[in-house]
Every structure is written in C-alpha cells, then in structure tokens.
Amino acid sequence: MGEVKPAKVENYSAGTDANTLFVDGERVLCFHGPLIYEAKVLKTKPDATPVEYYIHYAGWSKNWDEWVPESRVLKYNDDNVKRRQELARQCGERSKKDNKKGSAKAKKMEQMRNESRASTPSKDSNTSQSTASSVPTVPGNKSDAGSTSSTTTNSTSTTTTSRANRKSTQSAAAVARPGTPSEKKEDAAAAETTEDEAVTPVAPKKKRMSEQRPSLTGSDVADKTPAPTTTPSTPTTEPAPCVESEEAYAAKLEVKIKIPDELKHYLTDDWYAVVREHKLLELPAKVTVQQISEQYLAHKKSVKSTSASKEVAINDVLDGIVEYFNVMLGSQLLYKFERTQYADVMQKHPDTPLSELYGSFHLLRLFVRLGSMLSYSALDQQSMQNLLVHLQDFLKFLVKNSAMFFSMSNFINVDPEYVRNAQ
C-alpha cells in the first residue's frame, strides 16, 4: 500500500487582517445551537469564504474548540450579553412547559390504568359482605370483609416484595454485565414501570459532566451541543425511586484510575498516529488483549506470594477487563478514522471477540474510560479499593513490558481511498 502524503497545513492569520471583525485572543460571544456562549478567538482564516474563527468556549474542555463562520460570532457587549440571557430564559421556559405537559400526560395514563384495574365485585348472597369492603375482590372468590382486607394486605406486601426483588436483581445484573450509563438507567426505568403499577411522572434530570463530555469516538469536534452554564435551572418534582438523584450521585465513590507516566506518552503517540498521520493499527494485533491478560495471569501465578484465593480474584478482574473491553470498544474506544476499519473487521470476523482482534493501544484507551464506568457499579468502598489495587498492578505489568506491547511499528499506512472514505 502506498504511503499517504501528510495533509497540507493551512496558513492562519494573526487575526489582524482588515477584513476580519475579530482578532486573536479577543473575548467574544458565539452561537452553539440555539444558545449563546462566552468564547475566545484563538485563530483566524481571513481567506476563507466566509471568514472563519477557531473558537474556545469559556469554561469548557478544548475538545469543544471548533472552526465557526463569522455569522456565529458576536461582539462581547451589553446588548449581546442581554440577548444571551434572554435566549437562556426562553430555553428554561420551554423546558418548564415540556415538564408540565409530561406530568399531565402521566397523570392521565395513571388514571386510565387505575380504571382498567377496577373490576366488578364477586357475587354473594350476603349483600353486607360486598358493601363492607371498598376494595373489589377477585372475581369468583367469595369471602367476607375480613378476609378481603387480609387478601388486600397480603397483595400489597407481595407487590412490595416483588419490587425489592426486582431492584436487587437489577443491582446484580449491573455488576455482571458492563454497559453504558444510559442503558442501565433505561433498564431500571423499564423494570420499575410494569403493567400492574401506576405510571409515575419523572422529571428530567440534569446531565452530569461525565455524560456531556465528548467520547473518544469521532472527530476532534463533538457533534453534541454543550449545555449552557448560565441557563436557569428548572424546578423539578421529586424523582421516582428508580431515578438516581443528584445528591445520591454526588455521594457515590469517585473512581480514579491513575495512568502511569510511563504509559501516558503512548496515548499521545497513538492519537497523533491515527488522527494526524492517518495511520491504523494492524489487525488482528500481534499481541491481543486476550493474550495480554493471559500473560499477566501466568506472571502472577509464577509469583510465590500469590495464594489460591488471590488467583481467583485476579481471574475475576481480568475477565471483567476483557468484558468491558468487548462492550466499550465499538462505542467509546475508537477514533472516527478507525470506524471504517472496525466495520470491515466485524464483517470478516463476526464471531470473534474484539479482545482477540485488538491489542495494547486500544486496551490502554480503555483505562482512560474505565473509571467513569466503574462509578455505576454496585461495589462498596472496600471492594472498589481492592479492585483498584489489582488494576494498578495490571498497569505496572504493562509498563514493565511496554517495549513489547507498545511498538509504533504496529501502525500501518493506508491507501488514499480509505482516507477519502473515512473522512
């Protein structure tokens, strides 16, 4: 395959051209979607039609930096600041209206469910028995008022128990099967709302910053619109039990996986090779994720201090790493330029686990994302600390064998047709 020529680097102006309205370093306001954000001009393309500015949004990660046309940029003055505040206020009012509509619809559905559950009282010769109980009995089951009340109480306790069982089952499933935060919330919500239960209106919960940040997938500029920092918060109703409150999330154990300094530059080299030089990692990898985990297990077994119980724990941790890798690779561990290759690999090896195709560089990307995923696990603080000890030991193993695992010769050049299709 022919070597890809490096892309031509455009010349950027210092932002002092007479044709430009804004200069480099100027504090401005910029449209992003329907709202206006405070921003700063970093670079200018005066020769572009229309003129473009490279914008950094104040208070946001540089991952949101982007080229925008001049029509989206506004001078930072009192009039435009008021305009920004007015747009934020209108957005808040629309959110209030949407919440009210959703609550009214939910109440109507609840009323319809209650009416549909109501049934005709059972026939009985004793009229006083049917009038003594306000709760309709099961058709065909004759009982007095006392037994009816007992049945109702038992039914209520059974329903409560079944709900508790469902919640415990959901917690166990969350540990056994890794997935994205959104999937787990939807599963919990779906389990809570059943045919036998009334629908409870749930107010939309403010997105956490970990969900707002752009994923590793995609180009340098994310497609999602950042939520404004100045938007007035909308009043919300008490969240349903299946929805995690902000206070509960804040009380969660914040999981931080420290990437050793010896491995950090491999992440940078990886990004530069794929995004800037348009290279790809050769697949299947010379040393796959599955093989790395097996080598680590063999290494730990060779150490005399590794007991049988510790070996079982290491096995569980490695199985978890491999499972998380298989689940997260396609959605969170690929750059946009790699997606065409990923589609080809999935077509050629539909039944092969991704951990047996991809290697060390993608595994290292996993540890950048893994901490935010573990925040959703049901492990207590002590169990989480034990897990982090194993993960840090695994990273030390990668450092020790970095010369074998992280070789830049694993990157290959691609033909121009691939570059055109991937962009």
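Parameters at a glance
Residues numbered from 1 in each chain as written. Predicted model: local features only at pLDDT ≥ 70, side-chain atom pairs only at ≥ 80, totals over all residues. Heavy atoms only, no water. Helix = DSSP H or I, 4+ residues; strand = E, 2+ residues; numbered from the N terminus. Buried < 20%, exposed > 50% of the residue type's maximum accessible area, 1.4 Å probe, protein only. Contact = heavy atoms within 4.5 Å. Areas by Shrake-Rupley, 256 points an atom, 1.4 Å probe, with all protein chains shown as cover. Phe/Tyr/Trp six-rings, centres within 6.5 Å; stacked < 30°, edge-to-face > 60°. Lys NZ or Arg CZ within 6 Å of the ring centre and 35° of its normal. Axes fitted to C-alpha atoms, helices over the stretch in contact; angles between N-to-C directions. Parallel < 35°, antiparallel > 145°, perpendicular 65-115°, else oblique. Nonpolar A, V, L, I, M, F, W, Y, C, P; charged D, E, K, R; others polar. Polar contact = N/O pair within 3.5 Å; in protein donor to acceptor, adjacent residues only side chain to side chain.

Can you help me understand the overall build of the protein chain in this one?
Secondary structure summary: the protein chain contains 14 helices and seven strands in total. Scored against the burial criterion, the 423 residues of the protein chain give a buried share of 34%. Taking the contacts inside the protein chain whose residues are at least 6 apart along the sequence as the reference set, 71% of them involve residues at least 24 apart. Here the protein chain displays about 25,400 Å² of accessible surface, and carbon together with sulfur accounts for 52% of that area.

For this particular structure, what's the right way to read the packing of aromatic side chains?
Aromatic rings in a pair are described by how distant their centres are and how their planes are angled relative to each other. In the structure shown here, the tally under the stated rule is 13 aromatic pairs. Residues Phe361 and Phe411 carry aromatic rings whose centres are separated by 5.0 Å and whose planes lie at 65° to one another, so their mutual orientation is edge-to-face. Here Phe411 lies in strand β7 (residues 411-413) and Phe361 lies in helix α11 (residues 360-374), a separation of 50 residues in the sequence. Pair check on accessibility: Phe361 and Phe411 agree, each one buried. By the ring-pair criterion, three or more aromatic residues cluster together here, those being Tyr296, Phe367, Phe394, Phe397 and Phe405. The ring of Tyr54 has Lys43 lying over it, and the distance from NZ or CZ to the ring centre is 4.8 Å. It is Lys45 that lies over the ring of Trp67; its NZ or CZ is 4.5 Å from the centre.

What's the story with the packing of helix α9 (residues 308-332) against helix α12 (residues 381-400) in this structure? I'm lost.
Between two packed helices, what matters for the description is the angle formed by their axes and the separation of those axes. Taken N-terminus to C-terminus, the directions of α9 and α12 make an angle of 75°; their axes are 11 Å apart at the nearest point. It follows from the interaxial angle that α9 and α12 lie roughly perpendicular. For the pair α9 and α12, contact is made by Ala313, Ile314, Val317, Leu318 and Ile321 and by Leu387, His390, Leu391 and Phe394, respectively. Broken down by class, the residue content of the contact of α9 with α12 amounts to eight nonpolar, one polar and no charged.

Please explain the side chain of Thr44 as it appears in this structure.
By the secondary structure assignment, Thr44 is in strand β2 (residues 35-45). Of the polar contacts made by the side chain of Thr44, one reaches the side chain of Asp24; its length is 2.9 Å.

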